[in-house]
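Observations on the three-dimensional arrangement
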Amino acid sequence: MGAIRLENVKKTFGNIDVIPGVNLEINDGEFVVFVGPSGCGKSTLLRLIAGLEDVTDGKIMINGVDMANESPAKRGLSMVFQSYALYPHMTVYNNIAFGLKMAGETKAVIDEKVRNAAKILNLTDYLERRPGALSGGQRQRVAIGRAIVRNPAAFLFDEPLSNLDAALRVNMRLEITGLHQELKTTMIYVTHDQVEAMTMADKIVVLQAGRVEQVGKPMDLYAKPANKFVAGFIGSPKMNFIEGDYARARDCACVGVRPEHLLLSTEQGDIAATVKIAEHLGAETYLHVNADNIGPMTVRATGEVPLSGNDRIWLTPDPERIHRFDKNDKAISN
Amino acid sequence: MSTRASTLAGRVMSAPSIIALFLWMIVPLGMTIYFSFLRYNLLTPGMEEWIGFVNYKFFLTDHAFFASLANTLVLVGSVLVITVIGGILLGLMLDQPIFGRGILRILVISPFFIMPTVNALVWKNLLMNPVSGFFAWISTSLGFQPIDWFTNAPLTAIIIMVAWQWLPFATLILLTALQSLDRDQKEAAQMDGAGPISIFFYITLPHLSRAITVVILIETIFLLSVFAEIFVTTGGGPGLSTTNIAFLVYTQALLQYDVGGASAGGIVAVILANIVAIFLVRLIGKNLDA
């Protein structure tokens, strides 16, 4: 069981409002991702939930009980740190067992739980090693193992994959998602990488400057961003924003079109452009173009497109999938 | 150092300093060993002759040797215990964000900058003097008899002085070690439900083990040869109660003019220091392996 509700949670450092007041509902068993640019307060919010920082004001309800002033251990949460924070002088076994030992479990219970966690995470062969003798991915698994054995109400992940190389990151992403499906425990995951957010989350919370910009399912955020910030943050390559006459003709301050929603033609279309750089990835091609009267834009075309620098092309936005924003950057519903 | 030529060049370049250091060590050692086998007393010049192990026999069967050996071990052991425990506690305190931390740190470090002779004089005349000393004043103003430190508790007095001198060193090393402790580890332990005491014993102390090893090894080397504090205050007495090996060698050589006997004592001290060093390295040196 792990339902968490944040009620008007505030955090100030000195006279700086890091988190001016967040309300958020996290249901039991949900995989929630906090995503935002660095310095947006997402890690602080996670640390507030964990109890590693004191809240300035507000309530943190865990399973219906306000835990805002309880010590971290009492909240029944466990955390996986960006640096893994393994205890370097303890074996993997003792690392995983430490929380249980502190909770005063008997040796037999500890042994059973540790071996069980090790089996889930493929760590059985490494139990007697020290963290120093493990690879990055294995350390990551030990950190997760340490979190699992305590049978927490929720797991908190603080950018757990950012110290891994790209290939391993994709692997661990799948493993964590698999783990969530197996354990069905609430997970809160902090990342600055929108790809991780999109692929793993049941619910994404987009943060900027300590404010929640939008909460929703990944595809809802992709299809219906509430404002220009979310529109630009979710999706890769980034959404193109077109201002000026083109936007005025459509009754808004700014039009947003995702690179994958631009129809490409070498003969005719809405917007004329010159190709600057073409990135050929095989399955798809990214064209960085300079559109006449508009400026730089990005186009994503499926498959191999025989274009290169200085070619003239024409782009037509898919009229069903353009996003319009008013002068306050809010989305205007179509 | 990848090619054979560069390896050779490296050896040639470093050879002069290595040779100089080797001579620096081996010439005095060789001469001391040579003197230790001679009858060589400055009161009877010209009478030097080879007498084999007689000097060693005299030195090692002298009851003063065993008394000073015991004093040396008590002195080294006590100072190590006080400085390591005190150093950890002071280090923990100075690692906290307390008011005036910068000034406090300087104050704590400052005894290390005071030379041993001055340190001993200050303690002898200003603090521990039974008539005009600060401690005597505290005792009398509380209605107690003042303690005559250098008569009634001479070795304790020396231990206090030397510990005071070496506490900053231990604090400094342990404080830097504490500062290198990853904050995440403490937070992870907190999440795991460990209280401050458990965090200290399970996380902080193991993290400090290497620094503690360094403190013990380095301090032992210097504490085996404590001399100035004893020379300035008690002069090894009363009786032999504060004579350590270093001071015993000094009394042999310069009070009895017995160069041969003092040399033998010096060699014994070197051997003892090596025994202690091997013992220590065996016992705790494994902490230094990563």
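Refer to the structure printed above.
The rules behind these values
Residues numbered from 1 in each chain as written. Chains lettered and ligands numbered in written order. Predicted model: local features only at pLDDT ≥ 70, side-chain atom pairs only at ≥ 80, totals over all residues. Helix = DSSP H or I, 4+ residues; strand = E, 2+ residues; numbered from the N terminus. Buried ≥ 20, exposed ≤ 12 C-beta atoms within 10 Å, placed from the backbone. Contact = placed C-beta atoms within 7 Å. Expected span 1.5 Å × (residues − 1). Pairing = 2+ DSSP bridges. Axes fitted to C-alpha atoms, helices over the stretch in contact; angles between N-to-C directions. Core = buried A, V, L, I, M, F, W, Y, C linked by C-beta atoms within 7 Å. Domains from an automatic or database assignment.

**Some thoughts on the overall build of chain A**
Helices and strands together make up the secondary structure of chain A, namely 9 helices and 19 strands. Within chain A, buried positions represent 42% of all 334 residues. Restricting to contacts in chain A with at least 6 residues of sequence separation, those with at least 24 account for 63%.

**Things to note about helix α4 (residues 136-148) of chain A**
Residues that lie three or four places apart on an α-helix share one face, since the helix turns once every 3.6 residues. Residue and element names in this part refer to chain A. With 13 residues, α4 extends 18 Å from end C-alpha to end C-alpha; this agrees with the ideal 18 Å at 1.5 Å per step. With 10 of 13 residues buried, α4 is to be regarded as a mostly interior element. Within the sequence span of α4, burial applies to Arg139, Gln140, Arg141, Val142, Ala143, Ile144, Gly145, Arg146, Ala147 and Ile148.

**A word on the sheet that holds strand β9 (residues 203-208) of chain A**
All names here are of chain A. What the 6 strands build is an open sheet, ordered β6-β7-β8-β3-β9-β10; its pairing is mixed. A single partner strand is all that each edge strand has here, and the edge strands are β6 (77-80) and β10 (211-216). Averaged over neighbouring strand pairs, the angle between their axes works out to 20° when direction is ignored. Pairing of β9 with β10 involves 5 bridges; the strand directions are antiparallel. Paired with Leu207 across the bridge in β10 is Val212.

**Brief notes about unusual backbone geometry**
Residues and elements named next belong to chain A. Going from Ser236 to Pro237, the amide bond is cis rather than trans, its omega being -5°. Mapped onto the fold, Pro237 is located in the loop between α8 (228-233) and β11 (240-242). Backbone geometry places Asn151, a non-glycine residue, at a positive phi of 50°. Here Asn151 is to be found in the loop between α4 and β7 (154-158).

**Description of the nonpolar core**
One finds Val33, Phe34, Ile49, Leu156, Ile188 and Tyr189 of chain A to be the most contacted residues of the largest nonpolar core, which totals 100 residues. With 6 residues, helix α2 (residues 92-102) of chain A is the single largest residue contributor to this core. Formed jointly, this core draws a minimum of three residues from each of two domains, domain 1 (4-231) and domain 2 (237-326) of chain A. Contact partners of Leu156 of chain A, with chain neighbours within four places excluded, come to Leu46, Ile49, Ala50, Leu77, Met79 and Ile188 of chain A. In this structure, Ala170, Leu208, Val259 and Ile267 of chain B belong to the second largest nonpolar core, which totals 48 residues.

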